[in-house]
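Given next are the chains, with one letter for each unit.
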Amino acid sequence: MKNILKITSVLAFSALTFACGSGQQKEETATVQEESPAKADSNDGFVKIFDGESLNGWDGDATYWRVENGTIVGEITEETKLERNHFIIYQGGQPADFEFKAEFKITEAGNSGVNYRSEPVEGLAHALKGYQADIDGKNNYTGQNYEERKRTTLAYIGQQTKINPQEKEGNLRANVEKNAWLGLEVVKELGDRAEMRKVVKSNDWNEIRIVAKGNRLKHYINGTLMSDVTDEDPANSTSKGYLGMQVHVGPPMQVAYRNIYLKNL
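Residues numbered from 1 in each chain as written. Predicted model: local features only at pLDDT ≥ 70, side-chain atom pairs only at ≥ 80, totals over all residues. Heavy atoms only, no water.

A few words on the overall build of the protein. Tallying secondary structure elements over the protein gives one helix and 21 strands in all. Here the protein, with 265 residues, has 50% of them falling under the buried criterion. Restricting the contact set of the protein to residue pairs at least 6 apart, pairs at least 24 apart contribute 67%. Approximately 12500 Å² of the protein is accessible, and the part contributed by carbon and sulfur atoms is 45%. (Helix = DSSP H or I, 4+ residues; strand = E, 2+ residues; numbered from the N terminus. Buried < 20%, exposed > 50% of the residue type's maximum accessible area, 1.4 Å probe, protein only. Contact = heavy atoms within 4.5 Å. Areas by Shrake-Rupley, 256 points an atom, 1.4 Å probe, with all protein chains shown as cover.)

Written as structure tokens, this is what we have:
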């Protein structure tokens, strides 16, 4: 990507900040060893990929991303509204089979998500296309599998799905209807969607966990499996790629991420 602005320092505090969580989240207690620029947890193989102090190892536009109070903050204001979605992108590799975990907090109007096994969009800085674990402040989509700039919805909340290859001729959009892939086949219902949404805490810290192994992709929120995709579309699936967090086109919002870990499987 051209003209990428490297963020290497902590930027000024915003007037809109995130308070600490309610105290229900457990504190990290594992002993860590320094690995530049990440920290490895010797107990379970996870590597801490955000140092809590700087955006070393990450690539994003300083207009929207900064470090604040030990978190990565993405923010849109009235003065910085987006014309397209922007990402802050991890520069430590392109994970294939992995487990990712982090805590997030988002305002009610917020729209975000964690992209993975994704690729840059040609000609657009800080843009990704690929799998996304969706996050939104109104909790309509948090935990679903939405493929950014590609096949759109691959699994809604509460669904275990199999993704079948494209049948209709033409480009990918020919096989998308009502913002969902026509090859989406529901294999199993994981639970009552209304009840599953209740595990997400509004305006508070939540844990997101992504497990990607082979062609199976699982998204967990606060320990609950929210979506489970088996991608059997070899022409459009991806087996590795970039990892990044999103700020989405829309009204002013803020999202924060902390305690970000990655483990290769």
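Our next topic: the pattern of salt bridges. If you walk through the whole model with that rule in mind, you get 13 salt bridges. Between K81 and E78 there is a salt bridge, with its nearest N and O atoms 3.4 Å apart. Residue E185 pairs with K162 through a salt bridge whose shortest N-O separation is 3.6 Å. One end of the pair, E185, is in strand β16 (residues 184-189); the other, K162, is in strand β13 (residues 159-163), with 23 residues separating them in the sequence. A residue is classified by how much of its surface remains accessible, and E185, at 35% relative accessible area, is partly exposed. For K162, a relative accessible area of 24% puts it in the partly exposed group. Because the salt bridges share partners, they merge into one network encompassing E147, K150, R151, D231 and D233. (Salt bridge = Lys/Arg side-chain N within 4 Å of Asp/Glu carboxyl O.)

The next point concerns the packing of aromatic side chains. Scanning all chains against the criterion turns up four aromatic pairs. A centroid spacing of 5.7 Å and a plane angle of 75 degrees characterise the contact between F98 and Y116, whose relative ring orientation is edge-to-face. Within this pair, whereas F98 is found in strand β8 (residues 98-106), its partner Y116 is found in strand β9 (residues 111-120), the two being separated by 18 residues in sequence. Taking the centre distance of 5.6 Å and the plane angle of 25 degrees together, the rings of Y116 and Y131 count as stacked. (Phe/Tyr/Trp six-rings, centres within 6.5 Å; stacked < 30°, edge-to-face > 60°.)

Bringing the nonpolar core into the picture now. Counting 46 residues, the largest nonpolar core has W58, I72, F100, V114, I208, M245 and I260 as its most contacted members. Sequence-distant contacts of I72, that is, excluding residues within four places in its chain, are made with F50, L55, W58, W65, R66, I88, M245, V255, A256, Y257 and I260. (Core = buried A, V, L, I, M, F, W, Y, C linked by side-chain atoms within 4.5 Å.)

With respect to the secondary-structure elements, H86 resides in strand β7 (residues 86-90). Residues contacting H86, with those up to four places away along its chain left out, are D61, Y64, W65, A125, H126, M245, Q246 and V247.

Here the focus is the pairing of β13. Taken across its five residues, β13 has four buried, putting it largely inside the fold. Bridging between β13 and strand β19 (residues 224-231) involves five bridges; their strand directions are parallel. Residue pairing for β19: T161 is matched across the bridge by V229. (Pairing = 2+ DSSP bridges.)

Here I208 shows up in strand β17 (residues 206-213). When its relative accessible area of 0% is taken as the criterion, I208 is described as buried. Distance from I208 to E103, taken between C-alpha atoms, is 6.0 Å for residues 105 residues apart in sequence. Excluding anything up to four places from it in sequence, I208 contacts F100, K101, A102, F104, V114, A133, I135, Y220 and I221.

What follows covers unusual backbone geometry. We note that N139 has phi near 60 degrees; this positive angle belongs to a residue other than glycine. Note on placement: N139 falls in the loop between β10 (128-136) and β11 (145-147). Assessed through its relative accessible area of 11%, N139 is described here as buried. The backbone of T152 sits at a positive phi, close to 60 degrees, despite the residue not being glycine. Considering the arrangement of structural elements, one finds T152 in strand β12 (residues 152-155). With a relative accessible area of 2%, T152 lands in the buried category.

This paragraph deals with the pairing of strand β6 (residues 71-76). Within β6, six of the six residues are buried, which leaves it mostly tucked inside the rest of the structure. Taking every second residue as pointing to the same face, both faces of β6 are buried, with T71, V73 and E75 on one and I72, G74 and I76 on the other. Alignment of strand β5 (residues 65-68) against β6, held across four bridges, turns out to be antiparallel. Residue pairing across strands places E68 opposite T71, the latter belonging to β6. Linking two consecutive strands that pair antiparallel, namely β5 and β6, is a turn of two residues; a positive phi of about 50 degrees is found at N69 within it. Bridge count for β6 against strand β21 (residues 253-264) is five bridges, and the pairing is antiparallel. Within β21, the residue paired with G74 across the bridge is V255.

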